[in-house]
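# Inside the fold
Letter by letter, the chains look like this.
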Amino acid sequence: MNPRRPGTYLLGGVRRLGSVTLFLVQLLIQCVPALARPRLLVMQIYNAGARSLIIIMLSGLFVGMVLGLQGYDLLRRFGSEEALGIAAALGLLRELAPVITALLFAGRAGTALTSEIGLMRATDQLTAMEIMAVDPLRYVAAPRFLGGVIAMPLLTAIFSVIGLYGAQLVGVQMMGVDRGVFWSQTQGAVYLHDVNEGLVKSVVFGLACSLIAVHEGYHAEPTAEGVGLATTRTVVASSVMTLLLDYVLTAVFL
Amino acid sequence: MQNNRTLEIGTGLFVLLGFAALLFLTTQLPASGVKFGGQKAGYHVSAEFDNIGDLKVGSPVTMSGVRVGEVSSIRFDSKVYKAVVSMRIDLQYNEIPEDSFASIQTEGLLGGKYVGISPGGLDSYLKDGGRIELTQSALVLESLINKFFASVASKSSDIQSGSKQGSDQAKPEPKK
């Protein structure tokens with residue numbers, strides 16, 4: 001095949017999309033029996049979630065603090081610094097927390113998933129499992145996928161709360177916005193559907209990022225170079241998908 | 001064995017934190033009237049207003065612009081048809097005269113409402129459970145605009161209908 005022909009690229013893209021979709025269906029079927037092995041699942045929640053805690057909390061704190069600074073500077077021009085809490089809470093809940101958590105997740109946990117599974121493929125561990133009539137989809141892929149899907153909303157919620165306290169730290173402690181006003185205005189303007197929007201987004205991003213990471217690893221070229229390429233593709237595809245899905249979901253919710 | 005323990009504690013901690021954060025976001029953030037950081041020391045006084053505008057629990061209570069406390073609860077009294085605002089005043093400000101005057105004011109042009117207290121002249125001071133009798137309601141922008149347009153409209157109709165009803169227009173708006 002001549003790789004310069006545009007048709008080849010197009011066909012390759014369509015083929016990849018089809019392969020991901022088929023993989024998703026197989027994975028979902030294997031998710032139910034994978035639940036019967038909670039130990040494997042707990043291990044993956046630990047890997048994807050608990051070990052991402054520090055990076056998520058640090059990032060959340062600083063994103064919230066920047067929101068506090070920028071929001072304060074902007075709102076002060078209109079003499080309504082009291083709305084800082086609303087701006088920070090809605091910005092975090094609806095957009096920043098799900099998106100930044102997903103991007104960090106792709107970089108922190110997605111790459112680990114891809115290279116782990118890719119190396120299993122490269123060292124023939126997956127083939128060995130198949131020979132022993134152990135389905136690697138059920139015992140390797142499905143728990144990792146589920147772990148990511150479960151971890152993402154929890155990470156997003158932690159990001160939101162830490163970010164909100166970061167904004168409060170800058171707005172109230174440093175800039176002198178009244179604490180009572182900050183929280184009461186926030187409570188008055190945030191509704192449950194704002195929380196839901198962030199939650200739905202984080203679940204969808206969790207599905208997308210975990211699926212891409214597991215798929216890339218599972219179908220990685222069984223060489224050192226192939227695993228490296230697959231890891232790169234995971235980050236690129238997860239980030240682009242996250243931002244694309246974010247636009248679509250925002251349009252649906254608004 | 002040791003490895004197992006770390007795994008379980010780590011996962012448990014993460015899931016606990018995650019659900020605590022979710023709980024915070026779903027219950028504390030949207031619902032109003034939830035206290036953050038426990039009850040602070042202070043004493044409570046109440047005041048009745050005809051209209052509190054968008055005053056909220058947690059709004060500041062100030063004297064001469066200095067924060068002395070916060071609004072701790074708001075309810076509607078169906079006997080006198082007024083809003084009863086309960087305020088928690090910091091203990092250090094315990095010498096507020098009983099005949100002080102409470103009014104609801106706005107921070108900035110678009111800002112939230114707050115309660116301003118102007119001191120009276122009596123020697124007896126407000127105590128826990130005390131009540132501020134003299135109050136002034138929030139200025140509601142819409143009703144001010146309505147009044148303004150009503151007065152403009154009546155003026156212009158007076159001009160159109162000649163000087164027959166000219167005496168009406170001189171009547172000023174009643175002020176509090």
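Parameters and conventions
- Residues numbered from 1 in each chain as written.
- Chains lettered and ligands numbered in written order.
- Predicted model: local features only at pLDDT ≥ 70, side-chain atom pairs only at ≥ 80, totals over all residues.
- Helix = DSSP H or I, 4+ residues; strand = E, 2+ residues; numbered from the N terminus.
- Buried ≥ 20, exposed ≤ 12 C-beta atoms within 10 Å, placed from the backbone.
- Contact = placed C-beta atoms within 7 Å.
- pLDDT = per-residue confidence, 0-100.
- Nonpolar A, V, L, I, M, F, W, Y, C, P; charged D, E, K, R; others polar.
- Pairing = 2+ DSSP bridges.
- Axes fitted to C-alpha atoms, helices over the stretch in contact; angles between N-to-C directions.
- Parallel < 35°, antiparallel > 145°, perpendicular 65-115°, else oblique.
- Left-handed = near helix turned anticlockwise from the far one by under 90°.
- Expected span 1.5 Å × (residues − 1).

## Some details on the overall build of chain B
Across its full length, chain B carries 3 helices and 8 strands. What you see in chain B, going N to C, is helices and strands ordered as α-β-β-β-β-β-β-β-β-α-α. Split into buried and exposed, the 176 residues of chain B put 23% on the buried side. Excluding contacts between residues fewer than 6 apart, the proportion of contacts in chain B whose partners are at least 24 apart in sequence is 61%.

## Quick look at the confidence of the model for chain B
Residue and element names in this part refer to chain B. Looking at chain B as a whole, the pLDDT averages 79, with 81% of positions reaching at least 70. Below pLDDT 50 for its whole length, residues 32-36 participates in 7 contacts with residues either more than four positions away or in separate chains. Across residues 165-170, confidence stays below pLDDT 50; counting only partners more than four residues off in sequence or on other chains, it has 6 contacts.

## Focus: the environment of Ala208 of chain A
All names here are of chain A. Relative to the helices and strands, Ala208 is located in helix α8 (residues 192-218). For Ala208, a count of 23 C-beta atoms within 10 Å corresponds to the buried category. Measuring from C-alpha to C-alpha, the distance between Ala208 and Leu169 comes to 33 Å, with 39 residues separating the pair along the chain. Beyond its immediate stretch of four places on either side in the chain, Ala208 contacts Ser238, Met241, Thr242 and Leu245.

## Examining the interface of chain B and chain A
Accessible area lost during the coming together of the parts is what is often quoted as the interface size. At the junction of the two partners, chain B supplies 31 residues and chain A supplies 31 residues. Breaking the side of chain B that touches chain A down by element, the ones donating at least two residues are α1 (2-28) and β3 (66-77) of chain B. At 13 residues, α1 of chain B tops the list of elements feeding residues into the side of chain B that touches chain A. Taken together, the residues of the side of chain B that touches chain A break down into 17 nonpolar, 10 polar and 4 charged.

## A look at the sheet that holds strand β5 (residues 101-106) of chain B
All names here are of chain B. Across the sheet, 8 strands lie side by side as β7-β1-β4-β3-β2-β6-β5-β8; this open sheet has mixed pairing. Either end of the sheet is taken by a strand with one partner, and the two such strands are β7 (130-132) and β8 (134-136). Averaged over all neighbouring strand pairs, the angle between strand axes comes to 30°, with direction disregarded. Examined bridge by bridge, β5 and strand β6 (residues 113-118) share 6 bridges and lie antiparallel to one another. Opposite Thr106, over in β6, you have Lys113 as the bridge partner.

## Let's talk about the packing of helix α2 (residues 38-48) of chain A against helix α6 (residues 136-174) of chain A
All names here are of chain A. Between α2 and α6, whose axes approach to 8 Å, the crossing angle comes to 50°. Taken as axis vectors, α2 and α6 run oblique relative to one another. Relative to α6, α2 is oriented so that their crossing is right-handed. On α6, the residues that touch Leu40, Leu41, Gln44, Ile45, Asn47 and Ala48 of α2 are Tyr139, Pro143, Arg144, Leu146, Gly147, Gly148, Ile150 and Ala151.

## A few points about α8 of chain A
Taking 1.5 Å of rise per residue, 27 residues should cover 39 Å, and α8 of chain A covers 38 Å from first to last C-alpha, within 8% of that figure. Judged by how many residues are buried, α8 of chain A sits mostly within the fold: 20 of 27 residues are covered.

## Quick look at the packing of helix α4 (residues 84-122) of chain A against helix α7 (residues 179-189) of chain A
Residue and element names in this part refer to chain A. For the pair α4 and α7, interaxial distance at closest approach is 7 Å and the crossing angle is 50°. With respect to each other, α4 and α7 are oriented oblique. Of the two elements, α4 crosses α7, and the hand of that crossing is right-handed. Residues Leu84, Gly85, Ile86 and Ala89 of α4 form the contact with α7, whose own contacting residues are Phe182, Trp183, Gln185, Thr186 and Ala189. When the residues that make up the contact of α4 with α7 are grouped by side-chain class, the tally is 6 nonpolar, 3 polar and no charged.

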